[in-house]
Amino acid sequence: MLYNLADKMGAAVGASRAAVDAGYVPSDLQVGQTGKMVAPDLYIAVGISGAIQHLAGMKDSKTIVAINKDPDAPIFQVSDYGLVDDLFKAVPEMITSLD
């Protein structure tokens, strides 16, 4: 689902350590203190809680958009825009709107 959205946006996919540890993605996609440092013009944090380790790897992004179902997730403290919603609802709607 995220790869589909990234393809439609001409973007790349990164991941949190939790996603890597759970086996959802390979470790070379990890963003954070023990992963890659990224600073794109637009960073869309989908389902990212905002752990300090992850923030360290993306804090220099120009515009940060956060999508998380927890309105108290720390990612919203550093995001420029935020959407409190379930990623499994929001991302498919984003994909549909880009078709």
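It should be noted that the structure appears before, not after, this text.
What counts and how
- Residues numbered from 1 in each chain as written.
- Predicted model: local features only at pLDDT ≥ 70, side-chain atom pairs only at ≥ 80, totals over all residues.
- Heavy atoms only, no water.
- Pairing = 2+ DSSP bridges.
- Helix = DSSP H or I, 4+ residues; strand = E, 2+ residues; numbered from the N terminus.
- Axes fitted to C-alpha atoms, helices over the stretch in contact; angles between N-to-C directions.
- Right-handed = clockwise from strand over helix to strand, strands pointing away.
- Contact = heavy atoms within 4.5 Å.
- Buried < 20%, exposed > 50% of the residue type's maximum accessible area, 1.4 Å probe, protein only.
- Polar contact = N/O pair within 3.5 Å; in protein donor to acceptor, adjacent residues only side chain to side chain.
- Salt bridge = Lys/Arg side-chain N within 4 Å of Asp/Glu carboxyl O.

Q: Any chance you could explain the sheet that holds strand 3 (residues 81-84) here in plain terms?
A: By definition, the strands of a sheet pair up through backbone hydrogen bonds, in either a parallel or an antiparallel sense. On the basis of which strands lie adjacent, the open sheet formed by three strands has the order 1-2-3 and parallel pairing. The outermost strands of the open sheet, each flanked by one partner alone, are strand 1 (42-46) and strand 3. Across the sheet, the mean angle separating the axes of adjacent strands is 10 degrees when strand polarity is ignored.

Q: Mind showing me how you'd approach the pairing of strand 1 here?
A: Taken residue by residue, a regular strand's side chains alternate between the two faces of the sheet. As judged from the five bridges shared by strand 1 and strand 2 (residues 63-68), these two strands associate in the parallel manner. Across the sheet, I44 pairs through a bridge with V65, a residue of strand 2. Taken together, strand 1, helix 3 (residues 52-58) and strand 2 constitute a β-α-β crossover, and its handedness is right-handed.

Q: Help me understand the environment of G82, please; the structure alone is not making it clear to me.
A: As for its placement among the helices and strands, G82 is situated in strand 3. Sequence separation between G82 and D70 is twelve residues; the distance between their C-alpha atoms is 11 Å. Every residue in contact with G82, bar those within four places of it in the chain, is listed here: A66 and F76.

Q: What's the story with the side chain of S61 in this structure? I'm lost.
A: Looking at the secondary structure, you find S61 in the loop between helix 3 and strand 2. Exposure remark for S61: the relative accessible area of 7% places this residue in the buried category. A polar contact of 2.8 Å, which involves the side chain of S61, links it to the backbone oxygen of M58.

Q: Help me understand the pattern of salt bridges, please; the structure alone is not making it clear to me.
A: Where charged atoms from two side chains of opposite charge approach closely, those side chains can pair. By the definition in use, this model includes five salt bridges. As a salt-bridge pair, K8 and D99 come within 2.6 Å of each other at their nearest N and O atoms. Of this pair, K8 sits in helix 1 (residues 2-9) while D99 sits in the segment after helix 5 (87-98), and the two are 91 residues apart along the sequence. The class of D99 is exposed, set by a relative accessible area of 65%. Two residues, D60 and K59, come together in a salt bridge whose shortest N-O distance is 3.8 Å. For K59, a relative accessible area of 53% puts it in the exposed group. One connected set of salt bridges, linked through shared partners, spans D85, K89 and E93.

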